[in-house]
Amino acid sequence: MTSAPVTDFPSAAAALAAAGRDLHGRGWLPATSGNLSLRLDAGGCAITASGRDKGRLTQADMLRVDLDGVPQGPGRPSAETLLHTGLYRWSEAIGAVLHTHGPATTVLGLRLTGRDRLELAGYELLKAFAGVQTHDTRIVFPIFDNTQDIAALAEEVTAVLEGLPTPCYGYLIRGHGTYVWGRDLEEAMRHLEALEYLAGCELALR
Ligand SMILES: [Zn+2]
């Protein structure tokens, strides 16, 4: 497993602002919700500041935190920052993390009440996930109950990811949304688009 590519803060901030405006336009970051981050060459990550309108993001809406979630300058990081930094600590192959409140992933978690995972199989679009060459495969996305205890959830996420036998690209939080990651922003955006689409397919099936 090779390390993710890294970038400097100004480049990361500009890329995250553009991604935020894109995802807000799709309706996946409504009402200031969600947060986006990129791993930095100087260590830590760039992440969206708390409570910003994701449709109007500029580079000034980003801040830098270390991998314990501690700000490295002015500004208040999102409450969910620990879920980003926990993923970067878990795997050096992760270079970008996107947390969105898209409707399909939000509702599918509720529809799968009592289930701790979403299993996707047989879809052609599974090939959008890095390393997948065929529809004839099965990808697991863990599902967690929603909580306001972010530190506890971050620990639970890492424990579950450690126990998975196959590569994992993201997870759902019931009634809340999804976390998706990739080696870089482009890959994470592709994974997110695929997961939100396939979650919609699963809802249509049920
Ligand atoms: Zn959220």
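It should be noted that the structure appears before, not after, this text.
Residues numbered from 1 in each chain as written. Predicted model: local features only at pLDDT ≥ 70, side-chain atom pairs only at ≥ 80, totals over all residues. Heavy atoms only, no water.

## A few points about the pairing of strand β1 (residues 35-39)
For β1, a buried count of 5 out of 5 residues is recorded, marking the element as mostly surrounded by other parts of the structure. Residues of β1 alternate between two faces, with Asn35, Ser37 and Arg39 on one and Leu36 and Leu38 on the opposite face, all of them buried. The pairing of β1 with strand β4 (residues 96-100) spans 4 bridges and is antiparallel. When the sheet's bridge partners are listed, Ser37 is paired in β4 with Val97. Note that β1 and strand β2 (residues 45-48) share 3 bridges and pair antiparallel. Following the sheet pairing, Ser37 is matched in β2 by Ile47. The turn joining β1 and β2, which pair antiparallel and follow one another in sequence, is formed by 5 residues; a positive phi near 95° is taken by Gly43. (Buried < 20%, exposed > 50% of the residue type's maximum accessible area, 1.4 Å probe, protein only. Helix = DSSP H or I, 4+ residues; strand = E, 2+ residues; numbered from the N terminus. Pairing = 2+ DSSP bridges.)

## Observations concerning the nonpolar core
Formed by 41 residues in total, the largest nonpolar core has its most connected members in Leu118, Leu120, Leu126, Phe129, Phe141, Leu185 and Leu195. Counting residues per element, the ones that place at least two in this core are α1 (9-25), β1, β4, α3 (103-111), β5 (117-121), β6 (138-144) and α5 (185-205). Among the elements that take part in this core, α5 stands out by supplying 9 residues, more than any other. Discounting residues that sit within four places of it in the chain, Leu195 has contacts with Thr105, Leu118, Leu120, Phe129, Phe141, Leu172, Thr178 and Val180. Ile47, Leu87, Val157 and Tyr171 belong to the second largest nonpolar core, which has 23 residues in total. (Core = buried A, V, L, I, M, F, W, Y, C linked by side-chain atoms within 4.5 Å. Contact = heavy atoms within 4.5 Å.)

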